[in-house]
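For reference, the chains in residue letters:
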Protein chains: 4
Amino acid sequence: MSTAPLQPDAPFRHEIRVGWGDCDPARIAYTARLPAFALDAIDAFWEHHLGGGQGGGWYHMELDLGFGTPFVGMSLDFRAPVTPRHRLVCTVWPQRLGRSSITFRVEGHQDGILCFEGQFTNVFTHAGRLETREPPAEVRRLIEGLIPSDAA
Amino acid sequence: MSTAPLQPDAPFRHEIRVGWGDCDPARIAYTARLPAFALDAIDAFWEHHLGGGQGGGWYHMELDLGFGTPFVGMSLDFRAPVTPRHRLVCTVWPQRLGRSSITFRVEGHQDGILCFEGQFTNVFTHAGRLETREPPAEVRRLIEGLIPSDAA
Amino acid sequence: MSTAPLQPDAPFRHEIRVGWGDCDPARIAYTARLPAFALDAIDAFWEHHLGGGQGGGWYHMELDLGFGTPFVGMSLDFRAPVTPRHRLVCTVWPQRLGRSSITFRVEGHQDGILCFEGQFTNVFTHAGRLETREPPAEVRRLIEGLIPSDAA
Amino acid sequence: MSTAPLQPDAPFRHEIRVGWGDCDPARIAYTARLPAFALDAIDAFWEHHLGGGQGGGWYHMELDLGFGTPFVGMSLDFRAPVTPRHRLVCTVWPQRLGRSSITFRVEGHQDGILCFEGQFTNVFTHAGRLETREPPAEVRRLIEGLIPSDAA
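Note that the structure is predicted; figures quoted are calculated from it, not measured.

Examining the relation of the copies chain B and chain C
Part 1: Superposition of chain B onto chain C requires a rotation of 180° combined with a translation of 0.0 Å along the rotation axis, giving an RMSD of 0.0 Å. What the superposition gives is, in effect, a two-fold axis relating one chain to the other. Taking C-alpha positions as the reference, the residue of chain B nearest the rotation axis is Ser75 of chain B, at 2.0 Å.
Part 2: Both copies contact each other with a shared surface, as 100% of the interface residues of chain B are interface residues in chain C too.

Take a look at the structure:
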């Protein structure tokens, strides 16, 4: 990627306490924990925006709101080790909203250092089914307002 | 257990965000997540008391302070399902300190409801070795001050 | 526990590959992985006995057979570290069947050494509900045949 | 990707039992489990090729052989849901070996259906350090023999 992705002024932040149990014998967070942390951050993004805080997220979306957002792809670059020495601060924002898909960018920082960055693409579906659908109108509106743009 | 265990006035509290990924198809946190949550809470207890906050815990203990506390036993009772609807508030306090062992009590509440409770026993060891040892004097002092007593 | 629990002649065995990602910086399987391994072994026990092998287990029980077995308690003793050096062989058998509950014993061995042992108690429920029920008659019959007895 | 990647005739296969605890409330394996499964498969690939079977893998590599292979990137496409209905068969092979890096391809199939596919890039390091190095000569030889080529 030759140019840095556009970034919102104040992206959603989700803080994670990295613990002993997240680490492997190399004394850093095990690689498979990093996509798991990024997913937690996206879940928390939805909780913040859809649920009015606590109790929202994918669980609320699927059980109460009747739609889901299964993943179709992810890619991550690992820049620096993650350890329990500092909180992991994940920033999350939507980069692209298609007819029935959404792409998030997630960055993980510790102590100001970029540890990992990634893109995650979901499709919108009806809860409990596999066919894609368009997102609810209010979700489209919400997400469109959060995608950073050149003009902004 | 016929009588409730003694409880400190203000035990250490550790708050956990339960997410979609913690839940199983029965729509509640998967059973194996609950001891993992309790262990996170004990790790956070040590972080709070040994590390002056962030960056402490078992990682700091083992890598910087030169001792470890491997588990020799745990027992848990599950009282109510844990879900993403509310934060999981874990309270942690030491119940007993032996010559080279320590027993913690952990309780997990959501929205004021007791979801699980358990006892967890560790032994003190030198970092990277298996033989037990006595805890450092300042750790003994710290823990003794945190064990609730009848006389208190 | 002063006397060893009764043991069937040929208990169900479930083999687990312990990997790098299961280990913590002390270079042994992280404690919270051990109850998770034991639960995998119980799930595999049900798969073996209910599903005719692959595809059964709790998933089959809950989605196809209409009952579930949520946990009400567990207790584990940790006897020796678990590492990736050997496969972890878990043996599982029912110890007690009550009116609406079942208690399993799980033992984990590596290279012939007992690494952990535990008891796990479940209650029978209708799928998706919390009230307890009696197990289906054929499940009762199956389990009764697997509980080791003095007379055996 | 417009053309299918070259595939060896008989790539290394690693079979995973997907259980209830791997699944989320949508009744499919939780997305974060899929990169974890792929990593288990790569760990098992090394175990098979370096350790003469059991007991090898990243643990053996780091603790006994003195080198490590931290991840610098991964990308995955999710093609079909993973469930406990069938074993997950992961195939793993090296696609590219650079001066100090290696790229693996991992595919996960259930019942003959491609569920996910991904690329994973590691760098070679000295155990416990971060600077990259060239792989040991015998590892280079081994991997070169396993990379599928047009001419094959």
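Considering the side chain of Asn122 of chain C
Part 1: Looking at the element boundaries, Asn122 of chain C is found in strand β6 (residues 113-123).
Part 2: Since its relative accessible area comes to 1%, Asn122 of chain C is described here as buried.

Structural notes on the interface of chain B and chain A
Part 1: Taken together, the contact pairs 23 residues of chain B with 23 residues of chain A.
Part 2: A combined buried area of about 2300 Å² lies between chain B and chain A, and 50% of that area is made up of carbon and sulfur atoms.
Part 3: Counting every contact that joins chain B to chain A gives eight salt bridges.
Part 4: For Arg85 of chain A, the salt bridge goes to Asp64 of chain B, with nearest N and O atoms at 2.5 Å.
Part 5: If you look at where chain B meets chain A, you find twelve residue pairs in polar contact (both at pLDDT 80 or more).
Part 6: When residues of the side of chain B that touches chain A are traced back to their parent elements, those giving at least two are α1 (33-50) and α2 (57-65) of chain B.
Part 7: Among the elements that take part in the side of chain B that touches chain A, α2 of chain B stands out by supplying six residues, more than any other.
Part 8: For the side of chain B that touches chain A, the residue count by class is seven nonpolar, seven polar and nine charged.

Describing the pairing of strand β4 (residues 88-97) of chain A
All names here are of chain A.
Part 1: Burial analysis of β4 places eight of its ten residues in the buried class, the great majority of the element.
Part 2: Pairing analysis gives eight bridges linking β4 to strand β5 (residues 101-110), with the strands arranged antiparallel. Residue pairing across strands places Val92 opposite Val106, the latter belonging to β5.
Part 3: Hairpin connection of β4 to β5: three residues between the antiparallel strands.

Thoughts on the sheet that holds strand β1 (residues 12-16) of chain D
Part 1: Spatial ordering of the open sheet is given by β1(A)-β4(A)-β5(A)-β6(A)-β3(A)-β3(D)-β6(D)-β5(D)-β4(D)-β1(D), a layout of ten strands whose pairing is antiparallel. Looking at which strands have only one partner, the edges of the open sheet turn out to be β1 (12-16) of chain A together with β1 of chain D. Each adjacent strand pair in this sheet contributes to an overall mean axis angle of 20°, direction not counted.
Part 2: When strand β3 (residues 71-78) of chain A meets strand β6 (residues 113-123) of chain A, the two strands line up antiparallel, connected through seven bridges. When the sheet's bridge partners are listed, Leu76 of chain A is paired in β6 of chain A with Gly118 of chain A.

Basis of the calculations
Residues numbered from 1 in each chain as written. Chains lettered and ligands numbered in written order. Predicted model: local features only at pLDDT ≥ 70, side-chain atom pairs only at ≥ 80, totals over all residues. Heavy atoms only, no water. Least-squares fit on C-alpha atoms with pLDDT ≥ 70 in both. Contact = heavy atoms within 4.5 Å. Helix = DSSP H or I, 4+ residues; strand = E, 2+ residues; numbered from the N terminus. Buried < 20%, exposed > 50% of the residue type's maximum accessible area, 1.4 Å probe, protein only. Buried area = accessible area lost by both parts, 1.4 Å probe. Salt bridge = Lys/Arg side-chain N within 4 Å of Asp/Glu carboxyl O. Polar contact = N/O pair within 3.5 Å; in protein donor to acceptor, adjacent residues only side chain to side chain. Nonpolar A, V, L, I, M, F, W, Y, C, P; charged D, E, K, R; others polar. Pairing = 2+ DSSP bridges. Axes fitted to C-alpha atoms, helices over the stretch in contact; angles between N-to-C directions.

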